[in-house]
Protein chains: 2
Amino acid sequence: MLTPCVRHVVSRRLSRHCTVGRYSTSLTEGLDQIQTLLQLCVDRYYISPGAINMQLFQRGFSCNYGPLGMELKRNLLNQWWLSVTGSRSQVFGINTLNSSEERAAHGLRIVDSEHLQRILEQHDLSKEQLIHEACKLLQSSPYARTNLLQGALEQFVPSLELVKRKLPFGLAETGLCFQPSDGSGCSAEVTETSLVWFCSPRTSSQWLDHWTRHRLKWWRKFALSPSDFSSSEVPQEELEEAKVRGVKILYNFPWGQETLETLWSRGSTELLHTHNEARSKLQCRDGRKSIPHVVSVSANMDRGMKAFLSNSLQQLKREDGKQKLQQRKALKLHPVLTPVKVALDIWRGATMELRQVCEGLLQEFLVAKIFTWPGYLETLPTSVEQLNTKYDEMGVLFTVVISENTLESGLLQVRSRDTTIKETMHISEIKNFVSRYISAADNI
Amino acid sequence: MLTPCVRHVVSRRLSRHCTVGRYSTSLTEGLDQIQTLLQLCVDRYYISPGAINMQLFQRGFSCNYGPLGMELKRNLLNQWWLSVTGSRSQVFGINTLNSSEERAAHGLRIVDSEHLQRILEQHDLSKEQLIHEACKLLQSSPYARTNLLQGALEQFVPSLELVKRKLPFGLAETGLCFQPSDGSGCSAEVTETSLVWFCSPRTSSQWLDHWTRHRLKWWRKFALSPSDFSSSEVPQEELEEAKVRGVKILYNFPWGQETLETLWSRGSTELLHTHNEARSKLQCRDGRKSIPHVVSVSANMDRGMKAFLSNSLQQLKREDGKQKLQQRKALKLHPVLTPVKVALDIWRGATMELRQVCEGLLQEFLVAKIFTWPGYLETLPTSVEQLNTKYDEMGVLFTVVISENTLESGLLQVRSRDTTIKETMHISEIKNFVSRYISAADNI
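Keep in mind that what you see is a predicted model, and the values were worked out from it rather than measured.

We now examine the overall build of chain A. On a plain count of helices and strands, chain A comes out with 16 helices and 19 strands. Expressed as a percentage of its 444 residues, the buried residues of chain A come to 42%. Long-range contacts, defined here as pairs at least 24 residues apart, represent 65% of the contacts in chain A between residues at least 6 apart.

Our focus in this paragraph is the sheet that holds strand β6 (residues 189-199) of chain B. Residues and elements named next belong to chain B. Here we have seven strands laid out as an open sheet, ordered β1-β5-β6-β12-β9-β8-β7, and mixed in their pairing. Each edge of the sheet is formed by a strand with only one pairing partner; in this case those strands are β1 (91-93) and β7 (229-233). Each neighbouring strand pair of the sheet contributes to a mean axis angle of 25 degrees, computed without reference to strand direction. By the bridge criterion, three bridges tie β1 to strand β5 (residues 169-178) in an arrangement that is parallel. Note that in β5 the partner of Val 91 across the bridge is Gly 170. Sheet strands touched by helix α12 (residues 301-312): β6, β8 (245-253), β9 (256-265) and β12 (293-300). Its angle to β12, the strand with the most contacts, is close to 55 degrees.

Residue and element names in this part refer to chain A. The complete set of buried residues in helix α14 (residues 384-394) reads Asn 388, Tyr 391, Asp 392 and Met 394. Mapping the buried residues of α14 onto a view down its axis gives an arc of 160 degrees, with all of them on the same face. More than 90 degrees from the buried face of α14, the exposed residues found are Glu 385 and Gln 386. With its phi angle positive at about 80 degrees, Gly 395 sits one or two positions after the end of α14.

On to the domain arrangement of chain A, then. All names here are of chain A. Domains assigned within chain A are domain 1 (65-98 + 145-309), domain 2 (106-143) and domain 3 (340-442). Of note, the centres of domain 1 and domain 2, computed from C-alpha atoms alone, are 35 Å apart. Counting residues at the interface gives four residues for domain 1 and four residues for domain 2. In terms of residue class, the side of domain 1 that touches domain 2 is built from two nonpolar, one polar and one charged.

Turning next to the packing of helix α5 (residues 113-120) of chain A against helix α6 (residues 127-140) of chain B. Put simply, α5(A) and α6(B) touch, their axes get as near as 11 Å, and they point 165 degrees apart. Comparing their axes, α6(B) and α5(A) come out roughly antiparallel. When you trace α5(A) past α6(B), the crossing you get is left-handed. Residue-level inspection shows Ser113(A), Leu116(A), Gln117(A) and Leu120(A) of α5(A) in contact with α6(B), the latter providing Ile131(B), Ala134(B), Cys135(B) and Leu138(B).

Okay, the packing of helix α4 (residues 67-87) of chain B against α12(B) next. Residue and element names in this part refer to chain B. Orientation of α4 relative to α12, taken along the N-to-C sense of each, is 110 degrees, at an axis distance of 10 Å. By the angle class used here, α4 and α12 are roughly perpendicular. Contact residues: Leu 72, Lys 73, Leu 76 and Leu 77 in α4; Met 301, Gly 304 and Met 305 in α12. When grouped by side-chain class, the residues that make up the contact of α4 with α12 number five nonpolar, one polar and one charged.

So, about the confidence of the model for chain A. Predicted coordinates in areas of low pLDDT are best not read in detail. Here chain A shows a mean pLDDT of 85. Residues at 70 or above account for 86%. Counting contacts from residues 1-24 of chain A, a segment whose pLDDT is below 50, to residues more than four positions away or on other chains yields 37 contacts.

Quick look at the relation of the copies chain A and chain B now. Taken as rigid bodies, chain A and chain B are interconverted by a rotation of 180 degrees and an axial shift of 0.0 Å, the fit giving an RMSD of 0.1 Å. When the rotation and shift are considered jointly, the pair of chain copies conforms to a two-fold rotation axis. Residues of chain A ranked by C-alpha distance from the rotation axis are headed by Ile110(A), positioned 2.4 Å from it. A shared binding surface is used by both copies, with 98% of the interface residues of chain A retained as interface residues in chain B.

Bringing the interface of chain A and chain B into the picture now. In this complex, chain A contributes 60 residues to the contact, which on the side of chain B involves 60 residues. Looking at the side of chain A that touches chain B, the elements that each hand over two or more residues are α4 (67-87), β1 (91-93), β3 (108-112), α5, α6 (127-140), α8 (156-163), β5 (169-178) and α13 (352-367) of chain A. The greatest single-element share of the side of chain A that touches chain B, amounting to seven residues, is contributed by α4(A). In the sheet, β3(A) pairs with strand β3 (residues 108-112) of chain B via five bridges, with the strands oriented antiparallel. Note that in β3(B) the partner of Ile110(A) across the bridge is Ile110(B).

Thresholds, definitions, all that
- Residues numbered from 1 in each chain as written.
- Chains lettered and ligands numbered in written order.
- Predicted model: local features only at pLDDT ≥ 70, side-chain atom pairs only at ≥ 80, totals over all residues.
- Helix = DSSP H or I, 4+ residues; strand = E, 2+ residues; numbered from the N terminus.
- Buried ≥ 20, exposed ≤ 12 C-beta atoms within 10 Å, placed from the backbone.
- Contact = placed C-beta atoms within 7 Å.
- Pairing = 2+ DSSP bridges.
- Axes fitted to C-alpha atoms, helices over the stretch in contact; angles between N-to-C directions.
- Arc of directions from axis to C-beta.
- Domains from an automatic or database assignment.
- Nonpolar A, V, L, I, M, F, W, Y, C, P; charged D, E, K, R; others polar.
- Parallel < 35°, antiparallel > 145°, perpendicular 65-115°, else oblique.
- Left-handed = near helix turned anticlockwise from the far one by under 90°.
- pLDDT = per-residue confidence, 0-100.
- Least-squares fit on C-alpha atoms with pLDDT ≥ 70 in both.

So, in structure tokens, the structure goes:
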């Protein structure tokens with residue numbers, strides 16, 4: 001299933017990383033692990049089929065997500081939002097344009113290609129005229145953004161009125177960014193999350209530490225194996241121009257560590273540059289008057305999604321009654337992140353009455369905003385074992401089975417993904433049970 | 001505040017529309033109304049200041065939104081999502097890439113402009129070689145999408161496994177789209193919502209009617225004046241190729257009607273074309289085997305946002321005690337849409353104890369996911385009248401005022417935006433009161 005291109009990338013990565021730390025797995029094992037995860041993501045509606053997606057998965061770029069992938073991304077972005085804007089009253093959300101004439105040059109522009117084509121086809125133009133016309137069009141085409149930082153820096157002055165020039169405060173945004181191609185032919189879109197924090201110069205290092213702790217705690221909160229997430233200070237010699245300090249939040253993928261989020265203490269150079277060095281416009285109150293320092297916190301949530309998928313895949317080998325070796329795979333995504341909270345199924349004989357019970361229950365879950373999988377609509381007969389395998393791989397938190405018995409006694413069966421234990425419960429209790437379970441997991 | 005460019009556009013629009021239907025307002029009145037709304041949106045953190053935004057507002061394009069605009073857009077997209085995916089169990093969310101090599105030609109491509117610049121600067125190339133190289137680069141650059149339809153059509157086949165080839169079902173998506181420039185120099189980004197519904201050929205017209213009713217009801221649910229939203233069948237003679245029927249959902253802006261959402265019954269031509277006419281791959285079960293028809297439902301949510309802002313602005317002239325004519329403006333956005341649900345303020349003397357009460361209450365609201373404005377952090381002294389004016393213009397649903405009295409008796413004052421009535425309430429009741437108010441408004 002892996003294309004030669006991906007196999008090459010993986011091998012390269014593995015040979016770079018396979019001797020580091022806990023990742024002393026052999027090349028083959030690492031490849032198997034990735035292959036299993038990718039196949040599961042395609043089979044279970046996280047990623048739309050197609051070889052290109054396999055590459056994108058590895059590289060942390062966005063790809064075509066299926067219904068479950070889409071919902072996971074939605075949940076992840078929502079949790080980020082609540083965590084960043086809910087943590088302090090001085091964080092404000094913004095929404096800036098993707099395209100801009102003002103951004104730093106990096107190469108990607110949104111060009112009216114038909115117009116350019118017409119210029120290139122004008123036979124009566126000399127070579128010089130043609131070059132002149134083409135350059136003119138190019139320079140008037142807007143840039144496609146590669147990150148959310150520049151937009152936030154531009155919004156700094158309009159936000160001053162909001163905060164009465166009082167530091168610290170932050171501007172938060174999530175959105176689509178494009179990344180310049182590295183020549184591999186892979187498309188390069190990422191969904192970024194960005195918090196740009198403006199604070200007094202003397203506190204910027206403390207704030208960098210504060211946000212590092214805050215973010216690392218956030219990533220680990222949703223992890224099955226929190227130690228796979230770590231933070232690492234960027235060595236002094238690797239700091240680029242205008243950056244004072246940097247910290248990366250990393251995840252141990254089967255093929256090695258990748259950066260999920262980067263925090264920079266950036267000083268005030270870029271802020272001054274964005275506002276044409278107009279110092280008086282930028283001054284804030286903070287005991288004395290000062291030009292704020294900028295701490296930027298930005299993550300690639302497409303890669304973040306893949307980190308959680310990779311982190312939550314649990315594979316257990318076990319022997320069943322007939323001594324046959326079976327492998328159980330479960331995607332143990334955190335209850336608040338996992339896309340499908342409940343799957344609704346009918347056990348034996350989908351009569352009209354049983355279907356009506358399911359419809360009623362489905363409506364109840366929808367109103368409570370609990371994402372429910374209408375398994376009872378599928379007409380193919382499956383064994384309970386097959387059903388459990390499927391739902392475990394989808395990461396379904398609870399499987400609710402309605403049977404003839406439910407019509408008589410009101411009792412139904414609930415199976416938990418995490419414990420595999422089946423409980424009997426009254427139909428009137430199930431919605432609150434699921435809601436309470438999810439909020440409890442959220443508040444830990 | 002309006003730039004000459006906008007004034008020109010507005011005048012042109014008004015002269016086109018001002019004699020139609022209920023919009024027999026004079027040119028000046030129409031201009032005043034827009035000017036008031038735009039100024040309010042800029043002053044109250046909905047739209048970031050800057051003349052360019054004024055143009056974008058009029059034209060229904062996206063612009064740089066401030067914290068309140070951002071939150072309004074978030075609420076709107078969230079309500080759309082819940083309404084479309086929650087209404088039927090056969091609607092699945094997807095998330096497709098913005099850039100694609102496969103899309104229908106329309107002109108906008110994401111081009112590595114530095115690479116193109118290097119080609120144009122190669123002095124040793126002949127004119128023909130230069131054109132050849134530039135065209136090659138252009139043709140290998142991905143398209144930027146202008147709508148979400150094509151992505152959903154491509155995801156049709158991968159989705160068939162999910163629904164066991166059973167009709168009807170739908171694919172829902174929201175996302176950024178680019179629009180080709182009309183030469184005005186205005187940037188053109190829009191946030192689209194899209195539902196692509198696949199159904200049997202004989203039911204497509206009924207489904208078009210179903211979704212029209214569903215969508216119109218949705219728009220009107222959040223309106224202060226629902227009759228400003230209407231639907232209108234696209235006349236037979238205006239139907240483009242491959243489209244069977246069309247309906248538009250319109251809003252009466254002060255300058256005339258604009259289309260918020262378009263529903264098309266599109267037959268199966270585009271679906272067949274997307275999948276290279278492979279009929280056998282596309283067949284679905286539906287009594288007999290058939291190639292599904294496509295009903296597309298797509299809205300411009302940037303324009304939708306502006307429709308709700310325009311619709312909810314209420315201006316009341318009244319005389320105060322001193323016989324001075326005052327104008328009260330309130331942004332009466334629907335409780336579930338309005339960005340700020342509660343503003344927290346201190347009345348007279350912001351002592352440490354009062355601030356602590358506010359901090360505690362703010363945390364309580366944050367946990368309950370109630371967006372709260374920390375007015376008590378602002379140090380400028382303002383009169384109650386000024387405070388009410390500000391919060392009414394921001395669309396704040398409830399203003400909660402903490403005073404010395406609160407410390408003694410636990411009682412605080414709550415003012416409602418919609419009734420302007422002040423109530424006294426115990427501090428322990430306020431969170432549930434606000435939550436209940438919002439859910440009640442949601443369930444009407």
